[in-house]
Structures are given as C-alpha cells and as structure tokens.
Amino acid sequence: MPTLRLILGDQLTPTLASLNGLTKNDTILMMEVKAEGTYVPHHPQKIILILSAMRQFAASLSAQGYNIRYIRLDDPANTHTFAGEITRAVQEISPTRVLATFPGEHRVLESLQSLQSTLPVPLEILEDTRFLSTPQEFAEWATGRKQLRMEYFYREQRRKTGFLLTAAGEPEGGEWNYDADNREPYKEGPLGLPPYPTITEGADTTRVVAEVKALVATHFPAHFGAAEPFLWATTRTGALQVLEHFITHRLPNFGRYQDAMVTGGDFMFHSLISPYLNIGLLTAQEVCTVAETAYRAGRAPLAATEGFIRQILGWREYVRGLYWYKMPAYATLNYFNATRPLPAFFWDESKTDMHCMKEAIGTTRRNAYAHHIQRLMVIGNFALLAGLSVKEVTDWYLSVYADAFEWVELPNTLGMALFADGGIIASKPYAAGGRYIHKMSDYCTTCRYNPTESTGPTACPFSTLYWDFMLRNYEQLKTNPRLGPILAQVRTMPEKRRIEIQTQSESFLTSLNP
Ligand code: FAD
Ligand code: DLZ
Ligand code: SF4
C-alpha cells in the first residue's frame, strides 16, 4: 500500500505526523516551489535557510533508505506550486493515499483541502503533534470566555506539562510569572554582549548552502535583505549548538534584558532559536526541558528561565491557538481602519533619520532578524502610531523575518503590535512615545530628534504621533479602562497644544509618502 507522504518546508522533524508508520514502499514528497518564495517577497536568508534545511533533511531520510521525491527549484518540470507538484506526484506514482501534516498557514490548508476533492486518492491532513497544545484544546479553553488572556492559558499549560512545577504541583518559587524581576535597560554597550554562537555543521552543509545561495540569487534577485553574511544553522546539529550557546551565555541574563535595546546589539541576550523551532529542527518540548534542566542545575535564575519558558509554552502556543481559532476572518480585521502606505524606509533604513528605526530595520535587512522589542516597540509601535496599512505591515513582517510563518506572525503583528483585532490579544494598544524607547535603549542619545519633545523642529516623531494617535482614535479608545489616565490628559489638552500636535503630526505623516 504505497503512501505519498508530504513534508513542507517548515515540517522538518523526524517525528512528523505524516511520517508516522513510514515504510520503504512509501514515497516522501518535498517540493521547492517558486510560489512559496514569492507570495510575499521573502528575505533571501529566509529562503536560503528553508531550502538548505529541506535539502539536508531529505538527504538524511534518503541515507536511511527511504524513497524521496525531491523537487528542486531548478527542475524543468517543476510546476512551482504545492498543488501542482502534489497532483503531478499522484499521477506519476499512483499512491493509494496521500498523508499531509496540518500546515502553518491558512492559505496552504485551503489549498490542501481543495486538493481533497480533485485528487483521485484520499488526502488526509493529520494533526501537527510538534506543538505542546492543539487548536481544539485552545478552542475549548477559549469558548465562552469574555477575554482571552495569554497568562491564564499559560498557567493551564504549565499545569498540564509540568514545566517549572514543584512536586506538589505548585509553580516553582511560588509565582507563575516573574516578569516583575525582569526587563531592565542595558547599560554596558555592545562590547559587553555575548558573541554570536559559533556554528559548526561540516562540509556538506557548506556545499548545500552555497548551492542554494546561488539559486536564490537567480530566482529571487530583487527581494529585500542581504544574503550575506548568512548566520543561520541549517541542520538540527547546528540548531542544537545555538540552543546550547543560549543556555550558557544568554539565558542567565535573558529576563533581565529582555526588553533592552542598544546600538549595534542586534541579538542582545535572545536565544535566536525561533527559525529552528518554526521549521522543526528543534521542538518546543526539548527547548523548554533544556531550559528547566539548566535552572535546576543552578545554571540560570528562576526569573529568566520562567520568562523564557513562558515565551514558548505561553506565547507561542497561545498565538497558534488563537490563529486557528479566529482564521480566516482574523486576517481582515482593521480596528483603527489604518490604511497609510508603508514608507519607503521600511525597505531601506538609510531613508529615515529616526535612529531607533534605522537600527531595527537595519538588523532586519542584515540578519532577517530583529528581537522582540524592536519588532513590537519600535517598528510595530511606529506602524500603529502612524496608522500604516494593516495588510502592508503584516505582509512586510511575513516576508522579512527568517522565523515568519503566518500562524505566528499574524497574531503578533495584527493583534499584538497593531491592535487591529480591537483587543483580542492585548488589553490595550502597545503604543508608546519616544520616552519609552529612550528608557529602554541608548538610541536617542545619537538621534537628531529629542524623545522628550512632541512639537518643534527636533520633536521625536514617536512622541508627536503618540499624542496624535490618542487624539485620532479617541472614540475607539475611550472605554478602555487601562488608558484612563492618558485619555484624561487628552480630554484636558489645551486647544492650542492639540492643534500644534495635529499640525506637526500631519506634516510628518505627509512626508512619509511624498
Ligand atoms: P527569544 O526572545 O529568545 O524568545 C524565545 C522563544 O520564544 C522564541 O524563539 C519564540 O519561539 C518564542 N516567542 C517569544 N515571543 C513570542 C511571541 N510573541 N509569539 C510567539 N512566540 C514567541 N515570532 C516568530 O516566531 N515568528 C514571527 O513571524 C514573529 N513575528 C512577530 C511580529 C511582531 C510584530 C512581534 C511583536 C513579534 C513577533 N514574533 C514572531 C515573536 C518574537 O518577536 C520572536 O519569536 C522572537 O523575536 C524570535 O527571536 P528569538 O528566538 O531570539 O526569541
Ligand atoms: C517559506 C517557504 C519558502 C520560501 N519556500 C518553500 C518551498 O519551496 N517549499 C516548501 O515546502 N516550503 C517553503 N516555504 C515554507 C512554506 O511556505 C510553509 O510550508 C508554509 O508557509 C506553511 O504552511
Ligand atoms: Fe527613536 Fe525618537 Fe529616540 Fe530618535 S528620539 S531614537 S526617533 S525614539
């Protein structure tokens, strides 16, 4: 009974559901297709990472004697879509059935579902068991709740999985969440930061990555982002090295500096493992286990370890649950009706004088990476305050980060950063003026703008836009209890001041898209 088993580019895990019960009569289908590289213009490093990891994952299965039908990007018969390649494989191999694992994007699910009615054999879509929770579990948790708050979902996941629990089933140290001990600014400058992890993967990897780089340069020549230096691991071996480097050199300070930003500090104390988790080279279970083991061995403080595990067991699982619970309608939400086109400097940071934006977009271009607070409180905050088009912003995030797959990107961008879901993820918009960025970074000290000024020739655009945002969206925000003190200031703002802010804001916003 030969089965055709699909492995998509973010499903590179040996325990994948569609590989369950694999025999040497079966065929595994892996496809490099142009449509997946262009539905948004992915950063070259993201494409290089995925295709290089796919090729090496296929080679390891092939070395174990399994049949792989591996369609390369430069294969002349390539139809360049998943649907085209699955259909072609079924025609040529005549399997009795096709097995797929639940994909990471709604559009791919739709495409697989429509194939179910056109293929001559059954196509089964199996649960993706690599996550610590299921969409069904999330839906049961969410149904009937007035508010969906990550913290409560996370506590249930802690209880279920046992991470950081005492023998009596209580949270380790007595608290579920140690955020109060975390999140300091960082004062030492980039020289005090840990080095980038050394990744040693061997000659085969070097050869594969070089081949793929050449292919990507030919097939996707105009995409935003530098292909070199390519910093990512493309095998499980390399991904484990990055994880170990994090545990030793970064985890002890992870919580403390989780929200800190410093000029030249592209990676701070972050783990850099999101691309590996998202394409399947690492699993959430093993990453949380390794972090907990480090804590229990006295290698990391509880606050840092809990903060790190919360990002994976809490946020990562929560946004996935929410994505599948709310899609496809979620992608169309636009609470503030934000429609302003993306300014050109999102594709070229030399076109802005805002130092914080230069740093955050610069690391994005160089590394296909920006750390969380750059994504949320610099770029996302700017997009929120400036009323940038939700669709353009979410497409931008989906294309520029090596770890971006819609199940995780969309709730974070549309929900957390842009508040376009009206408060499903966040209880208030993550809106902040220049003072917040000044507190958490050294960016403002070398910026031509002044974070404490919201009007005048050196006013920080974040500070101007912050007040303009509150004025502009007052009606939609006025019932939000968490914004009470700010909105009280908006209500009592002298008219002269309001006009100054609105005039300055209007001229700044007009200058974004000349
Ligand atoms: P660390 O800071 O070391 O965190 C450890 C791990 O926790 C990450 O690897 C990630 O798996 C998980 N994690 C942390 N925060 C989140 C979160 N909010 N949601 C889900 N998982 C989280 N993450 C993605 O994986 N893909 C995306 O496309 C993505 N887009 C984002 C867009 C915006 C606007 C924002 C605000 C956040 C986004 N995030 C996304 C979440 C987070 O910023 C990244 O996971 C993180 O920066 C990845 O770097 P790291 O591995 O060094 O993370
Ligand atoms: C992002 C991406 C790219 C650029 N290319 C491929 C590819 O050629 N083949 C493939 O299987 N996957 C690719 N991916 C990842 C897919 O887009 C990913 O499987 C979906 O986003 C998840 O549904
Ligand atoms: Fe950014 Fe404003 Fe600070 Fe300049 S002054 S770095 S624009 S927050």
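Undergrad: With reference to specific residues and values, describe the domain arrangement of the protein chain.
TA: Here the domain parsing of the protein chain yields domain 1 (3-126), domain 2 (135-196 + 234-326) and domain 3 (344-511). With 16 residues of domain 1 in contact, the opposing surface of domain 2 contributes 12 residues. Between domain 1 and domain 2 the total buried area reaches about 1,000 Å² when both faces are included, carbon and sulfur atoms providing 69% of it. When the buried area of domain 1 at its contact with domain 2 is split by residue, Leu49, Gln56 and Phe102 rank highest and sum to 38% of it. Where domain 1 touches domain 2, the interface holds zero salt bridges. Of all the secondary structure elements, the ones that give two or more residues to the side of domain 1 that touches domain 2 are helix H2 (44-63) and helix H4 (106-118). In terms of residues, the side of domain 1 that touches domain 2 owes the most to one element, H2, which gives five residues. Class assignment for the residues of the side of domain 1 that touches domain 2 results in seven nonpolar, seven polar and two charged.

Undergrad: If you had to explain the packing of helix H14 (residues 372-386) against helix H18 (residues 461-472) to someone new, which residues and values would you point to?
TA: Closest axis-to-axis distance for the H14/H18 pair is 9 Å, and the angle between their directions is 45 degrees. For the element pair H14 / H18, the angle class is oblique. Considering only the axes of H14 and H18, their crossing is left-handed. For the pair H14 and H18, contact is made by Met377, Val378, Asn381, Phe382, Leu384, Leu385 and Ala386 and by Phe462, Leu465, Tyr466, Phe469 and Arg472, respectively. Its residues assigned to classes, the contact of H14 with H18 comprises 10 nonpolar, one polar and one charged.

Undergrad: Before we move on, could you go through the site of ligand 2 and cite the residues and values that matter?
TA: In the region of ligand 2, 19 residues are neighbours, and Gly9, Asp10, Met31, Val33 and Glu36 sit closest. Between ligand 2 and the protein, one listed contact pairs an oxygen atom with a backbone N or O atom of glycine 9 at 2.9 Å. At a separation of 2.6 Å, a nitrogen atom of ligand 2 approaches a polar backbone atom of methionine 31. When atom positions are compared with the pocket grids, ligand 2 is found to occupy the largest cavity. Listed by contribution, the elements that provide at least two residues to the shell around ligand 2 are helix H1 (34-38), H2 and H4. Sort the elements by how many residues they give to the shell around ligand 2 and H2 lands first, with three residues. Per-class residue counts for the shell around ligand 2 are 10 nonpolar, four polar and five charged.

What counts, and at which threshold
Residues numbered from 1 in each chain as written. Chains lettered and ligands numbered in written order. Predicted model: local features only at pLDDT ≥ 70, side-chain atom pairs only at ≥ 80, totals over all residues. Heavy atoms only, no water. Domains from an automatic or database assignment. Contact = heavy atoms within 4.5 Å. Buried area = accessible area lost by both parts, 1.4 Å probe. Salt bridge = Lys/Arg side-chain N within 4 Å of Asp/Glu carboxyl O. Helix = DSSP H or I, 4+ residues; strand = E, 2+ residues; numbered from the N terminus. Nonpolar A, V, L, I, M, F, W, Y, C, P; charged D, E, K, R; others polar. Axes fitted to C-alpha atoms, helices over the stretch in contact; angles between N-to-C directions. Parallel < 35°, antiparallel > 145°, perpendicular 65-115°, else oblique. Left-handed = near helix turned anticlockwise from the far one by under 90°. Near = heavy atom within 4 Å. Polar contact = N/O pair within 3.5 Å; in protein donor to acceptor, adjacent residues only side chain to side chain. 1 Å grid on protein atoms, 1.4 Å probe; cavity = no way out; pocket = protein on both sides within 12 Å on 5 of 7 lines; lining within 4 Å. Sits in = over half its atoms within 2 Å of the grid points.

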